[in-house]
Amino acid sequence: AEVEGWTMCNYNLLAGIAQTCRMDHDLTIGKDGFYTAMVSTVDDRPHETAATKGANWFDWGPYLDNQMTWRFFPRDNAKIKALTAALSGGQASAEIQPYLPQGVYCDKSVFETGGWDACAKRAGLAQR
């Protein structure tokens, strides 16, 4: 109700292309209401296991300087404006903090065995 829509893309600024993009309705959402995005080269893509099932894979492509980009299509909503500001380097309030993406580097075998939970634990991130 607060966002009209959004996209998540693996984008290369220098080449000016998006390698992989997904709209909000194209992502698999977990039972907890969150989504997991994994980004890797084709060769490093984790196999589907019970732990990785439901994760959304993004192809890193041939570039070394890619970035993940979120684009929001907000309704006129203060929460979305605050989230956009926080994602742009601003301060995140306690209300907005749970919505900010968390990213970690994770070994393929760790992800295949324990999913994002194992990756977050190894990186010392708070788990949902």
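Residues numbered from 1 in each chain as written. Predicted model: local features only at pLDDT ≥ 70, side-chain atom pairs only at ≥ 80, totals over all residues. Heavy atoms only, no water.

Chemist: How should the pattern of salt bridges be read in this particular structure?
Modeler: Oppositely charged side chains are able to pair whenever their charged atoms sit close together. One pass over the full model with this rule turns up one salt bridge. Put simply, Lys53 and Glu48 hold a salt bridge, and the shortest N to O gap is 3.6 Å. Both residues of the pair, Lys53 and Glu48, count as exposed. (Salt bridge = Lys/Arg side-chain N within 4 Å of Asp/Glu carboxyl O. Buried < 20%, exposed > 50% of the residue type's maximum accessible area, 1.4 Å probe, protein only.)

Chemist: What is the right way to read the state of the cysteines from this model?
Modeler: Any covalent bond linking the sulfur atoms of two cysteines counts as a disulfide. All chains considered together, the criterion is met by two disulfides. Bridging Cys9 to Cys21, the disulfide has an S-S length of 1.9 Å. Disulfide Cys9-Cys21: torsion about the S-S bond near 115°, hence right-handed. Of this pair, Cys9 sits in strand β1 (residues 3–12) while Cys21 sits in strand β2 (residues 17–23), and the two are 12 residues apart along the sequence. Classification of Cys9 as buried rests on a relative accessible area of 2%. Among the residues examined, Cys21 registers a relative accessible area of 42% and is labelled partly exposed. Paired through a disulfide, Cys106 and Cys119 show a sulfur-sulfur distance of 1.9 Å. The sign of the -70° torsion about the S-S bond sets the Cys106-Cys119 disulfide as left-handed. (Disulfide = S-S within 2.5 Å. Helix = DSSP H or I, 4+ residues; strand = E, 2+ residues; numbered from the N terminus.)

Everything listed here is a matter of geometry and, on its own, says nothing about what the molecule does.
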